[in-house]
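Residue-level listing of the chains:
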Amino acid sequence: MKWPYHPYAVDKSRICPPGVVYRPEARLCVRGETGEAHLRALIDTGADHTVLPISIALDVGAELFPEESDAAKGVGGHEIPIIPGHVQLELISDEGSQAWSAFIGFADFESSEEECSILGHVGCLEYFLAAFDGVARSVELTPRAIPPNGE
Amino acid sequence: MEFTSQFIPGTITMSTPKTPPIVPIEYAGKWIAWDFNETKIIASGRSYDETRKAAQATGEKRPVLVKAPDAKVRFIGGHR
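Please read all numbers here as calculations on a predicted model, not as lab measurements.

K.L.:
Looking at this model, I keep getting lost on the overall build of chain B. Mind explaining?
P.N.:
Of regular secondary structure, chain B possesses one helix and four strands. Mapped in sequence order, the helices and strands of chain B form the string β-β-β-α-β. The buried share among the 80 residues of chain B stands at 26%. Sequence separation of 24 or more characterises 34% of the internal contacts of chain B that already satisfy a separation of 6 or more.

Below, the structure is given as structure tokens:
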């Protein structure tokens, strides 16, 4: 499954002269007990875990395990609470799609401005070969491993 | 929902632009909702909930939501 990098206009600066950032994002459908949500999520090989905003878990009716809450933080960032949740994920591209079920983290961000959707190793990238083509500005995920039975 | 111990053939098909358009800076830091085939932005907002509701109000049943990067603050890492 292959996706083009998605371009976003930002302020021009010394480290971003063109004023555009290109993000490797994958099209994703998240399914819970009561619904589904379609997203584009950042493919982040530096993230240990797959994390989505808690608002998405509530939207789709994900099975949540708040008694097993964890914490996460980005580079130099503050900790945010992470609630494990069980959902079905489906990566979708123009060539096809692939679905599996997983326990992922749902982040309770302090403000909606901090919300982000991250496809990290646990729950997603651990099952794929990831190829980033910075010249063509495209990213490809190829299924490599069978997702384990979640326990 | 039962936990599936294997990949499941996907059920969704789509046809999106090969070269996505540049998201204008006015959307920086906001949630954006695209139509299902990602040909146009149909709504935006400060939160996922606000944006999803605004998108569905346009009649799009399966809006595609994404958070645009901030215009001034560079994103350099995910969660650890």
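K.L.:
Help me understand the sheet that holds strand S13 (residues 138-143) of chain A, please; the structure alone is not making it clear to me.
P.N.:
Two pairing modes exist for strands in a sheet, parallel and antiparallel, and in both the strands are linked by backbone hydrogen bonds. Residue and element names in this part refer to chain A. Read from one edge of the open sheet, three strands run S1-S13-S12, paired in antiparallel fashion. Looking at strand neighbours, the two that pair on one side only are strand S1 (2-4) and strand S12 (128-133), the edges of this open sheet. The mean angle between the axes of side-by-side strands here comes to 15°, regardless of whether they run parallel or antiparallel. Across six bridges, the pairing between S12 and S13 is antiparallel. Looking at the pairing, Leu 129 lines up with Thr 142 of S13.

K.L.:
What should I look at first to understand the nonpolar core in this one?
P.N.:
Ala26(A), Leu28(A), Val30(A), Leu39(A), Leu89(A), Leu119(A) and Ala33(B) are the most contacted members of the largest nonpolar core, which totals 55 residues. Of the residues forming this core, the biggest block, six residues, is contributed by strand S10 (residues 96-107) of chain A. What Leu39(A) contacts, discounting residues up to four positions off in sequence, is Leu28(A), Val30(A), Ser117(A), Val64(B), Leu65(B) and Val66(B).

K.L.:
Is there a simple way to explain the interface of chain A and chain B in this structure?
P.N.:
Often, the extent of an interface is quoted as the loss of accessible area on bringing the components together. In this complex, chain A contributes 55 residues to the contact, which on the side of chain B involves 41 residues. Elements with a contribution of two residues or more to the side of chain A that touches chain B: strand S2 (6-9), strand S3 (20-23), strand S4 (25-31), strand S5 (36-43), strand S6 (51-53), helix H1 (54-60), strand S9 (80-93) and S10 of chain A. Among the elements that take part in the side of chain A that touches chain B, S10(A) stands out by supplying six residues, more than any other. A class-by-class count of the residues in the side of chain A that touches chain B yields 24 nonpolar, 17 polar and 14 charged.

Reading the values: the criteria
- Residues numbered from 1 in each chain as written.
- Chains lettered and ligands numbered in written order.
- Predicted model: local features only at pLDDT ≥ 70, side-chain atom pairs only at ≥ 80, totals over all residues.
- Helix = DSSP H or I, 4+ residues; strand = E, 2+ residues; numbered from the N terminus.
- Buried ≥ 20, exposed ≤ 12 C-beta atoms within 10 Å, placed from the backbone.
- Contact = placed C-beta atoms within 7 Å.
- Pairing = 2+ DSSP bridges.
- Axes fitted to C-alpha atoms, helices over the stretch in contact; angles between N-to-C directions.
- Core = buried A, V, L, I, M, F, W, Y, C linked by C-beta atoms within 7 Å.
- Nonpolar A, V, L, I, M, F, W, Y, C, P; charged D, E, K, R; others polar.

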